[in-house]
Amino acid sequence: MDFLSKFGIEIENKDLLLTALTHSSYSNEHDVVNYERLEFLGDAVLQILMSDYLYNNLDLSEGDMSKTRASYVCESACAKYAEAINYKPYIRVGHGQINNINDTIVADIFESIMGCIYLDKGMAAAKSLFDQVVIPCVENHDIFFGDYKSKLQEMVQTSKKSLEYRLISETGPAHDKVFEVEVVIDNIIYGKGIGKSKKEAEQKAAFDAFKKQAK
């Protein structure tokens, strides 16, 4: 598990790094700790690093900083950062999840790895990875999944159409729920989305609909 060495980072606590790569489906089968607590910590680390960068480098209003930060710490952005690090082969999942290591898991683990680096090496090391992997995407103005619910709402308002989000299904155990939502415009289904929360599923459904409406 030397995928961080190319970024000049060497994790001393290998067990902690292994935890950062362990999905709940694996931990349930093998009675080991999963990445969820590290993900929580890493999310906060990522948020503060992005906030610091935006405050010190871009002349944006509070609202624009919030929107920009959200777009660069969202699931699709984190999944993109993961490609540069290339840790997917090391992710541990249960048998039922083995063929479905999706972007949600990959993105969650980017955050858990940030949490792992922070605990093992400190904020400076976390910032080093952030500078090498995240900032190039910001400076390149890469576009990631954003607040498409608001964008879709604005689009629909101009044509005075009705807009509704419907929960199709809610599956999985309490600690690992999966929600599926459809977005309906004037009683026609325009998009569907799946997420770990209803809010995330609604955003993905809105993104699906937005792309179709924008064509």
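Up top is the structure these notes are about.
Residues numbered from 1 in each chain as written. Predicted model: local features only at pLDDT ≥ 70, side-chain atom pairs only at ≥ 80, totals over all residues. Heavy atoms only, no water.

## Details of the environment of Ile48
Tracing the chain through its elements places Ile48 in helix 3 (residues 36–57). Sequence separation of Ile48 and Arg69 is 21 residues, and the distance between their C-alpha atoms is 9.7 Å. (Helix = DSSP H or I, 4+ residues; strand = E, 2+ residues; numbered from the N terminus.)

## Let's talk about the pattern of salt bridges
Counting across every chain of the model gives twelve salt bridges. Between Lys204 and Glu75 there is a salt bridge, with its nearest N and O atoms 2.9 Å apart. Taken together, the residues Lys204 in helix 10 (residues 198–214) and Glu75 in helix 5 (residues 75–85) connect sequence positions 129 residues apart. By relative accessible area, Lys204 is classed as partly exposed at 23%. Several salt bridges share partner residues, and in doing so they unite Glu39, Asp108 and Lys196 into one network. (Salt bridge = Lys/Arg side-chain N within 4 Å of Asp/Glu carboxyl O. Buried < 20%, exposed > 50% of the residue type's maximum accessible area, 1.4 Å probe, protein only.)

## Regarding the pairing of strand 3 (residues 188–195)
Sheet topology places strand 2 (residues 178–185) next to strand 3; seven bridges connect them, and they run antiparallel. Paired with Glu182 across the bridge in strand 3 is Lys192. Hairpin connection, strand 2 to strand 3: the antiparallel pair is bridged by two residues, and Asp186 has positive phi, about 50 degrees. (Pairing = 2+ DSSP bridges.)

## A few points about the packing of helix 3 against helix 7 (residues 123–133)
Here helix 3 crosses helix 7 at 70 degrees, and the two axes come no closer than 11 Å. By the angle class used here, helix 3 and helix 7 are roughly perpendicular. Crossing angle aside, the handedness with which helix 3 passes helix 7 is right-handed. Across the interface between the two elements, Val45, Leu46, Ile48, Leu49, Met50 and Tyr53 of helix 3 pack against Met123, Ala126, Lys127 and Phe130 of helix 7. The class makeup of the residues in the contact of helix 3 with helix 7 is nine nonpolar, no polar and one charged. (Axes fitted to C-alpha atoms, helices over the stretch in contact; angles between N-to-C directions. Parallel < 35°, antiparallel > 145°, perpendicular 65-115°, else oblique. Left-handed = near helix turned anticlockwise from the far one by under 90°. Contact = heavy atoms within 4.5 Å. Nonpolar A, V, L, I, M, F, W, Y, C, P; charged D, E, K, R; others polar.)

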